[in-house]
Amino acid sequence: MSQKYSSSRFLKGAMVLTVAALVTKLLSAVYRIPFQNIVGDIGFYIYQQVYPFYGIAIALSTYGFPVIISKMVAEKLEGEDEEGAKRVAVTSFLFLCFVGFSWFLLVYFGSGVIARWMGDPLLKPLLQVISLSFLLLAPLSVIRGYYQGKEDMVPTAVSQVTEQAIRVATILIFSTILVSQGYSLYMTGKGALFGSITGGLGGLLVLLTFLTARREKLFLRKYLSLPADYVQIWSRLFKNGTAICVSAMLLVLLQFVDSLNVYSLLLSSGMEAESAKTWKGIYDRGQPFVQLGTVVATSISLTIVPLVTNAYLKRRESLVREYSQLSLKISITIGFAATLGIINIMVPTNTMLFENALGSKVIAVFCLSIFFSCLILTFAGIFQGIGRIYYPAFCILMGIFVKYLGNACLIPVMGVMGASVSTVGSLSIIAIMMVIKLRKWFPIRFFTFSFYKTLLLSGAAMTIGLQGLLWIYDTLLDNGMPGRPLSVLFSIGGVCIGGILFLIVFLRGNVLSREDISFLPFGSKWVWLMNKVQPNNK
């Protein structure tokens, strides 16, 4: 690669995208909490039924097609073919216009069928609103991919954060106004979903501003004619883009399955419609927990891809193995700590965020998926780094099939608890399939006995401390202390106390070197803490 497109610039660009992805993930998780407080569990159910369609659109325009376009643009620029790079972008635009318009037609005109499949015909107009977001797929994907191919990640990062910020603001403002004006929850949901359009337009405006400011004449008439290799370009977009999108849509696809059959299965098992909507909304409270719990794993996944890719392209298999083992070790540690911690303080945290403790056991079981999701995201990053993009997609599709069957078998017997169990079961199957294949391709050692011993001791210390805290919480509740203010105090206190206990025991176990810890965000701070915990360990 030429000096203009250096590996150091690539890694800096990857870090910019990582930060943007973390900000958008946090926004996407956090806004659900005030939104649920505004509209209640039934309003949350209405929104969550339709949200997965937006999740699919955002995955296509952020994580799937831009990645493939960027690779094809970079290949042209490596040969110093600037016009060829622009032709690739415009050819991709023509193909994605067809893809986006097809999705729009499918969802808009199929909204009645989809709503009946979900068991709630009143969702039809909401599905028609969300279908409009697919019309923005082509310009968002192409401009992001074009700039990423030039190793300029700033336009993509700014557009992603802008899109999510405008969307969240629209959701909260519209829902507040519509509820206060006495509109129905379905109309409120429709207004909230309009945020997907305003957010997408805001992100597109940012990208067009970058094109104008930098005088990038991308969409000229001379580039509109199809090049000789247009079939190859479209084929790569379809096959590779779809595979990467499926890997990025893991949690969205699970939500999609739940949208299709949880409510309808609750109805068919004899539950009243209002009760079924309420319990589906309560079950959906688990989504922000999982999204927040996997934020760090997402950052590891996004960070590990360029590192593994560089090592793999240089045929340094030992370095690939080293990066992979390190990312898995950190992912297992963080996933285990986050899962166990959230489960321990679920009752006060559920009350703090969602006003009451309804469904705490259901959400606690659902939160087991944090651990498996962390593993799967890290595995997918490793597979992508070594160019094996199809196998993670295959594993996830198999898991989605298991999830659908699991819902059908368990919900009639266990209610929404069955949906939680089927989610955890499907994720565990995906993780096991990836472990087996990764060990076959690379003889990765899954750590020593001392690592798992330290992990379990750290978890035990955290659990003992948090259960003692919960005993005090229950005692104060029984003595008439106000529930929600008390839950805020004990939730935040539980996070701090549990985190400190886990870190002290884990760092004293000396199963991560200082070099390993420096891989984490704010690595120097963790190394400083490790030195404090182990003052005599030079």
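Overview of the structure. (Residues numbered from 1 in each chain as written. Predicted model: local features only at pLDDT ≥ 70, side-chain atom pairs only at ≥ 80, totals over all residues. Heavy atoms only, no water.)

## A look at the overall build of the protein chain
Inference 1: Looking only at helices and strands, the protein chain has 24 helices and 0 strands in total.
Inference 2: Residue burial in the protein chain is summarised as follows: out of 538 residues, 55% are buried.
Inference 3: Excluding contacts between residues fewer than 6 apart, the proportion of contacts in the protein chain whose partners are at least 24 apart in sequence is 82%.
Inference 4: When the accessible surface of the protein chain is totalled, it reaches about 22,800 Å², and 68% of it is carbon and sulfur. (Helix = DSSP H or I, 4+ residues; strand = E, 2+ residues; numbered from the N terminus. Buried < 20%, exposed > 50% of the residue type's maximum accessible area, 1.4 Å probe, protein only. Contact = heavy atoms within 4.5 Å. Areas by Shrake-Rupley, 256 points an atom, 1.4 Å probe, with all protein chains shown as cover.)

## A look at the packing of aromatic side chains
Centre distance and the angle of the planes are the two values used to describe a pair of aromatic rings.
Inference 1: According to the stated counting rule, one finds 24 aromatic pairs in the structure shown.
Inference 2: Ring centres 5.0 Å apart and planes at 10° place the aromatic pair Trp 103 and Phe 134 in the stacked group. Of this pair, Trp 103 sits in helix H3 (residues 82-109) while Phe 134 is found in the loop between helix H5 (124-131) and helix H6 (137-149), placing the two residues 31 residues apart along the sequence.
Inference 3: The class for Trp 103 is partly exposed, based on a relative accessible area of 28%.
Inference 4: When the ring centre of Tyr 391 is taken as origin, the NZ or CZ atom of Lys 437, which lies over that ring, is 5.1 Å away. (Phe/Tyr/Trp six-rings, centres within 6.5 Å; stacked < 30°, edge-to-face > 60°. Lys NZ or Arg CZ within 6 Å of the ring centre and 35° of its normal.)

## Points about the nonpolar core
Inference 1: By size, the foremost hydrophobic cluster in this structure holds 139 residues, and its most contacted members are Phe 35, Tyr 47, Leu 96, Leu 123, Leu 237, Phe 289 and Ile 430.
Inference 2: A total of 24 residues in this core trace back to one element, the largest contributor, which is helix H2 (residues 32-78).
Inference 3: Here Tyr 47 is in contact with Tyr 31, Phe 35, Arg 167, Ile 171, Ala 192 and Leu 193, once residues within four sequence places are set aside. (Core = buried A, V, L, I, M, F, W, Y, C linked by side-chain atoms within 4.5 Å.)

## Comments concerning a nonpolar patch on the surface
Inference 1: Taken together, Phe 101, Leu 105, Phe 109, Leu 132 and Leu 135 make up a surface patch of nonpolar side chains, about 470 Å² in accessible area.
Inference 2: Inspection of the secondary structure assignment puts Phe 109 in helix H3. (Patch = residues over 30% accessible without salt bridge, like charges linked within 9 Å, V, L, I, M, F, W, Y side chains within 5 Å. Salt bridge = Lys/Arg side-chain N within 4 Å of Asp/Glu carboxyl O.)

## With respect to the environment of Pro 485
Inference 1: Within the element layout of this structure, Pro 485 appears in helix H22 (residues 483-508).
Inference 2: Spatially, the C-alpha atoms of Pro 485 and Thr 351 are 9.3 Å apart, while their sequence positions differ by 134 residues.

## Some words on the side chain of Ser 259
Inference 1: The topology assignment puts Ser 259 in helix H11 (residues 250-268).
Inference 2: Dropping the residues within four chain positions of it, Ser 259 is found in contact with Gln 48, Gln 49, Pro 52 and Met 118.

## Details of the pattern of salt bridges
Inference 1: On inspection of all chains with the given rule, the structure shows 6 salt bridges.
Inference 2: Between Asp 258 and Lys 403 there is a salt bridge; the shortest N-O distance is 2.8 Å. A residue pair is termed long-range when its members are at least 10 positions apart, and Asp 258 in helix H11 and Lys 403 in helix H19 (residues 390-414) qualify at 145 residues.
Inference 3: Note on Asp 258: relative accessible area 1%, which makes it buried.

## Describing unusual backbone geometry
Inference 1: Unlike most non-glycine residues, Glu 355 shows phi in positive territory, near 80°.
Inference 2: By the element assignment, Glu 355 lies in the loop between helix H16 (346-354) and helix H17 (360-366).

## Here we look at H22
Inference 1: With 26 residues, H22 should reach 38 Å at 1.5 Å per residue; the first-to-last C-alpha distance of 37 Å fits that figure.
Inference 2: Burial in H22 covers these residues: Leu 486, Ser 487, Phe 490, Ser 491, Gly 494, Gly 498, Phe 502, Phe 506 and Leu 507.
Inference 3: Immediately beyond the C-terminal end of H22, within one or two residues, lies Asn 510, with a positive phi of roughly 55°. (Expected span 1.5 Å × (residues − 1).)

## Some points on the environment of Lys 453
Inference 1: In this structure, Lys 453 sits in helix H21 (residues 449-478).
Inference 2: In this structure, the C-alpha to C-alpha distance between Lys 453 and Phe 506, residues 53 residues apart in sequence, is 9.7 Å.

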